[in-house]
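Below are the chains, spelled out letter by letter.
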Amino acid sequence: MYKIIHKQAIAQDIKKIDIAAPTIASKALPGQFVMVTPVAGERNIPMTIIDSDERRSTISILVHEVGPTTRKLGDLSIGESPYQVVGPLGRAAQMEKYGLVICVATGVGAAQILPICRGLKKKGNKVIGIIGAKSKKVLMLESQMRVVCDEIFITTNDGSYERRGLATELLRELLNKYTVHRVYAIGSVEMMEAAARMTIEKNIPLRVTLNPYMVNGLGTCGSCRVKIDGEFQLACVDGPEFDGHKVDYQDLTQRMNALEPVQWENHVPPMSPKRPGFAGLVKSLWALPKK
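Since we're looking at a predicted model, the values are computed, not measured.

Asks: So what exactly am I meant to see when it comes to the environment of Pro-115 here?
Replies: The residue Pro-115 is located in helix H3 (residues 109–122) in this model. In this structure Pro-115 comes out as buried when scored by relative accessible area, which is 5%. Considered as a pair, Pro-115 and Val-148 are 33 residues apart in the sequence and their alpha carbons are 8.8 Å apart. In this view, Pro-115 contacts Pro-30, Ile-49 and Ile-50; residues no more than four positions away in its chain are not counted.

Asks: For this particular structure, what's the right way to read the sheet that holds strand S8 (residues 100–106)?
Replies: Consider a sheet: its strands pair through backbone hydrogen bonds, and that pairing is either parallel or antiparallel. The mixed open sheet is built from seven strands, whose spatial order is S11-S10-S9-S8-S12-S13-S16. Each having just a single partner strand, strand S11 (163–164) and strand S16 (241–243) make up the two edges of the open sheet. Bridge analysis of strand S13 (residues 206–209) against S16 gives three bridges, and the strand direction is antiparallel. Considered in S16, the bridge of Thr-209 is made with Glu-241. Along the sheet face, H3 touches S8, strand S9 (126–133), strand S12 (182–186), S13 and S16 and points at about 165° away from the line of S8.

Asks: Explain the environment of Gln-250 here, please?
Replies: With respect to the helices, strands and loops of the structure, Gln-250 is situated in helix H8 (residues 249–258). Overall, the relative accessible area of 59% leaves Gln-250 in the exposed class. Measuring from C-alpha to C-alpha, the distance between Gln-250 and Glu-193 comes to 9.2 Å, with 57 residues separating the pair along the chain.

Asks: Explanation requested: the sheet that holds strand S3 (residues 33–37) in the structure shown.
Replies: Across the sheet, three strands lie side by side as S4-S3-S7; this open sheet has antiparallel pairing. The sheet is open, and its two borders are formed by strand S4 (45–48) and strand S7 (84–89), each paired with just one other strand. When strand polarity is set aside, the average angle formed by the axes of neighbouring strands in this sheet is 25°. Where S3 and S7 come together, four bridges link them in antiparallel fashion. Within the sheet, the bridge partner assigned to Val-36 lies in S7 and is Val-85.

Asks: Honestly, the confidence of the model for the protein in this entry has me stumped. Any pointers?
Replies: Segments scoring low in pLDDT should not have their predicted coordinates read at a detailed level. This prediction gives the protein a mean pLDDT of 84; 88% of its residues lie at or above 70. pLDDT under 50 marks residues 260–291. Its contacts with residues more than four places away, or in other chains, come to 43 contacts.

Asks: Can you help me understand the pattern of salt bridges in this one?
Replies: Opposite charge on two side chains permits pairing when their charged atoms draw close. Applying the stated rule across the entire model yields 11 salt bridges. Where Arg-146 meets Glu-162, a salt bridge forms, and the shortest distance between an N and an O atom there is 4.0 Å. With Arg-146 in helix H4 (residues 142–148) and Glu-162 in the loop between strand S10 (151–156) and S11, the pair connects residues that are 16 residues apart, well separated along the chain. Residue class for Arg-146 comes out partly exposed when judged on its relative accessible area of 39%.

Definitions and limits used
Residues numbered from 1 in each chain as written. Predicted model: local features only at pLDDT ≥ 70, side-chain atom pairs only at ≥ 80, totals over all residues. Heavy atoms only, no water. Helix = DSSP H or I, 4+ residues; strand = E, 2+ residues; numbered from the N terminus. Buried < 20%, exposed > 50% of the residue type's maximum accessible area, 1.4 Å probe, protein only. Contact = heavy atoms within 4.5 Å. Pairing = 2+ DSSP bridges. Axes fitted to C-alpha atoms, helices over the stretch in contact; angles between N-to-C directions. pLDDT = per-residue confidence, 0-100. Salt bridge = Lys/Arg side-chain N within 4 Å of Asp/Glu carboxyl O.

What follows is the structure, encoded as structure tokens:
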């Protein structure tokens, strides 16, 4: 059903995949994601919808091949289909016409910030994009970001492309230079926390997208709990975007670091191909009587 119609390597170990998914393409909004199961028996992978084309009935995802499950997804050829694709899931990003907006992303966060930049631009905002990467060879979606942003700045940690340094250093400079009405930040916990400190100082609203470990994306497992304004919420159903000034970054860091030494993909029980699977679970939940 969800056939791969286009596939492109865009950076080291990173591939952009276009999938035929008419229903998802007609409903997806910026900030939402899908859960993808590459082959029967593998776990579900949360994947941001970086683009949706209702006319072509397609969605686009970015696959970062960091483990056996993501490599299996990246190895699928044009014409093949992932075992399951379920979505759109999560809440759409919060966006209206604000004025001047800065969108900063590091690493694979560029895939998540791209549809948000596109949506903000459609709302009539002036959008400045900042992309940070370790080096030029892992920089992604530069050309796409240049299309949807009024201005774009790029930093690399090793100085192999554009400006040498951290994305947060450039963010501070721009906050001091311009009257900024809102900031969106997606990337490492350290980067988002730094963005929170800067924007709190200047009383600028901040939206962040959190990426804790997810198992099913339905809010039934609790694996993606995050502490927001002193209360626990689930990134998969209450987010993944939250008020960046209310996130408990210390708690988020502890949760992320607790599983960092292990290969997360190898510690999630595989889904049995004999069972109805994730899509079947979703259908069964939708069939429950509403109170």
